[in-house]
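Chain by chain, the residues run as shown.
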Amino acid sequence: MKYTDTNKPLVCMQTQSTCYKETRKMTIKGVLWHSTGANNPSLKRYVQPSDTKPLTDTYSKAKWLEILGKNAYGNDWNHVDVEVGLNGWIGKLANGTVASVQTMPWDYRPWGCGSGSKGSCNEGWIQFEICEDGLNDKKYFNQVYTEACELTAYLCKQYNINPKGTVTYNGIKVPTILCHQDSYKLGLGSNHSDIYHWFNKYGKTMKNAVDIESYIEIEKIENGVVFTRDGRYLKIIEIEPINFLLRSAREQRDIIYSFVSYLKIAPIKMQFKVIAKK
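### Comments concerning helix α3 (residues 138-158)
The first and last C-alpha atoms of α3 sit 30 Å apart over 21 residues, in line with the 30 Å expected at 1.5 Å per residue. Measuring from the backbone nitrogen of K139 back to the side-chain oxygen at the start of α3 gives 3.0 Å, which picks out D137 as the cap. Directly after α3, the chain includes N160, whose backbone phi takes a positive value near 50 degrees.

### Structural notes on the packing of aromatic side chains
Enumeration according to the criterion identifies 18 aromatic pairs in this entry. Between Y46 and W89, the aromatic rings sit 4.5 Å apart at their centres with planes inclined by 15 degrees, giving stacked as the arrangement. You can see Y46 sitting in the loop between β2 (30-35) and α2 (61-68) and its partner W89 sitting in strand β3 (residues 88-92), a full 43 residues away along the chain. Assessed through its relative accessible area of 5%, Y46 is described here as buried. Classification of W89 by relative accessible area gives buried; the value is 2%. Centroid distance F227 to Y233: 5.1 Å. Interplanar angle 80 degrees. Geometry classified as edge-to-face. Within the aromatic cluster, the residues linked to one another by ring pairs are W33, F128, Y140, F141, Y145, W198, F199 and Y202.

### Quick look at the nonpolar core
Core analysis: the largest hydrophobic core is formed by 49 residues, its most contacted members being W33 and I130. When residues of this core are assigned to their parent elements, the largest contribution, 11 residues, is made by α3. Discounting residues that sit within four places of it in the chain, I130 has contacts with W33, H34, S35, T36, I90, V144, A148, W198 and F199. Residues C121, W125, Y169 and L178 belong to the second largest nonpolar core, which totals 9 residues.

The rules behind these values
- Residues numbered from 1 in each chain as written.
- Predicted model: local features only at pLDDT ≥ 70, side-chain atom pairs only at ≥ 80, totals over all residues.
- Heavy atoms only, no water.
- Helix = DSSP H or I, 4+ residues; strand = E, 2+ residues; numbered from the N terminus.
- Expected span 1.5 Å × (residues − 1).
- Polar contact = N/O pair within 3.5 Å; in protein donor to acceptor, adjacent residues only side chain to side chain.
- Phe/Tyr/Trp six-rings, centres within 6.5 Å; stacked < 30°, edge-to-face > 60°.
- Buried < 20%, exposed > 50% of the residue type's maximum accessible area, 1.4 Å probe, protein only.
- Core = buried A, V, L, I, M, F, W, Y, C linked by side-chain atoms within 4.5 Å.
- Contact = heavy atoms within 4.5 Å.

Structure below.
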């Protein structure tokens, strides 16, 4: 897998955009793909660094302008007058290589697919845009398709998303991995054709989730156990929270002792992820 905890996608936060400034956090349900609908594969058309470097950015503004190239027309999306916003972009850097660039935190609600009659996939789906070319370059298509699969695989691993799964949202079964047109057909997005108008030319659809799954180091998931391709077994346990401070002293002591007892028999390697919600 290309992207890992130690080799993350490039980060160029669009902190000057209206979406970045006014959106809110979301509970992540899946990943949604877009393509731009314009013949311009260069990331610099849409992505430019902020005037003040965010702490999470990979490079300084000057270095980013060197890597991306400068948008001479100033019509990138890092402005307050742009009423859209995505979590990431895929396209060409100034040197012609294809890369992914994160432009908002992954758990920031994007302003991407709009709304339909039954709601919006903006509520929970990480969204990235793929820069289109003239739709006739197979080499470029294969590059961005592979990059999209790599980025999606990374996000699936980060947020425990089953790439072949579904989630129920507003009473509708929604694929965890889908595109803008899929969201429209489900009544959860505006009427756009991306990405099928491009991907179908090369025999690809969002049903090719096996392409995404092949980038993840998982053999199978069975009875709640994750079997990895390198012979490991992983178990994910959800622990319901309690208000510890409202318990009596005796209850608090019992809770601590129970946890200590579990740690004595627990695997040597464990990871804890704590999620706090207001």
